[in-house]
Structure formats: structure tokens, C-alpha cells
Amino acid sequence: MRLLYELSWLWEMIGIAMAAAVVCVACAALICKAAKKKLSRKVIAVVAAAAFAGAVLADTYAPLNVFLKTRAYLYGLR
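Along every chain, residues carry numbers that run from 1 in the direction the sequence is written. Residue-level local features of this predicted model are given only where pLDDT is at least 70; pairs of side-chain atoms are given and counted only at 80 or more, and the full residue set underlies all totals for whole chains, interfaces and linings. Side-chain figures throughout are based on the complete set of non-hydrogen atoms in the structure, without hydrogens or water.

A.B. asks: In this structure, what is going on with unusual backbone geometry? I would like to understand it.
C.D. replies: Working note: non-glycine residues mostly have negative phi, and peptide bonds are mostly trans. Even without being a glycine, Lys36 presents a positive backbone phi close to 55°. Numbering of helices and strands runs from the N terminus; a helix is a DSSP stretch of H or I covering at least four residues, while a strand is a stretch of E covering at least two. Checked against the element boundaries, Lys36 lands in the loop between helix 2 (8-34) and helix 3 (41-75). Take Lys36: its relative accessible area is 77%, and that puts it in the exposed class. Think of it in three bands: residues with accessible area under 20% of the maximum for their type are buried, residues over 50% are exposed, and the middle band is partly exposed, with areas taken using a 1.4 Å probe on protein chains only.

See below:
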């Protein structure tokens, strides 16, 4: 049980990335519907993969950025 608690950040990050992918696929579908074009499965897969990867990168970069700013503030490296 302790292992699941320690990995809760991972499950949260995966959930956020999945939600971002769903939103991006829905937006792509709406854009294609407005342009009166058909959305293929390959395009859906590419949009979902790019959104998932982007959300994971953004989520992993944010804590690192906070850490670096805090470190710079504490050690006077501004």
C-alpha cells in the first residue's frame, strides 16, 4: 500500500496527460467538423500522442522550474 501512495504523483500525472489528450482530440474533431473534412484514425492517434507527450513534458518541467528558482533564490544566484 505504501508503494501505491509513493507513486500517487505518477498516477496523477498520467490522468492529467490523458485528460489533455482527450481535450486535444475533441478540439481536432471540432476543427475538422468545421472545415468539413473527415478525421482519420492516424490523425487522431498523432494528436493524442502529441498531446499526451506534451502534457507529460509540461508536468515534469514545472516542478523542476520551481526547484531551480527556489535554489537560485536561496543561494543568491539570481
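That was the structure; now back to the text.
A.B. asks: Looking at this structure, I do not really get helix 2. What am I missing?
C.D. replies: Helical geometry note: an α-helix holds 3.6 residues per turn, so side chains three or four residues apart project in the same direction. The end-to-end C-alpha separation of helix 2 is 39 Å, in line with the 39 Å expected for 27 residues at 1.5 Å each. Here helix 2 has its buried residues at Met13, Ala17, Ala21, Ala28 and Cys32. Where helix 2 terminates, the next one or two residues include Lys36, which has phi positive at roughly 55°. Each helix should span, by expectation, one fewer than its residue count multiplied by 1.5 Å.

A.B. asks: Where do I start with the environment of Ala49 in this structure?
C.D. replies: Structurally, Ala49 is set in helix 3. The exposure class assigned to Ala49 is partly exposed, which follows from its relative accessible area of 46%.

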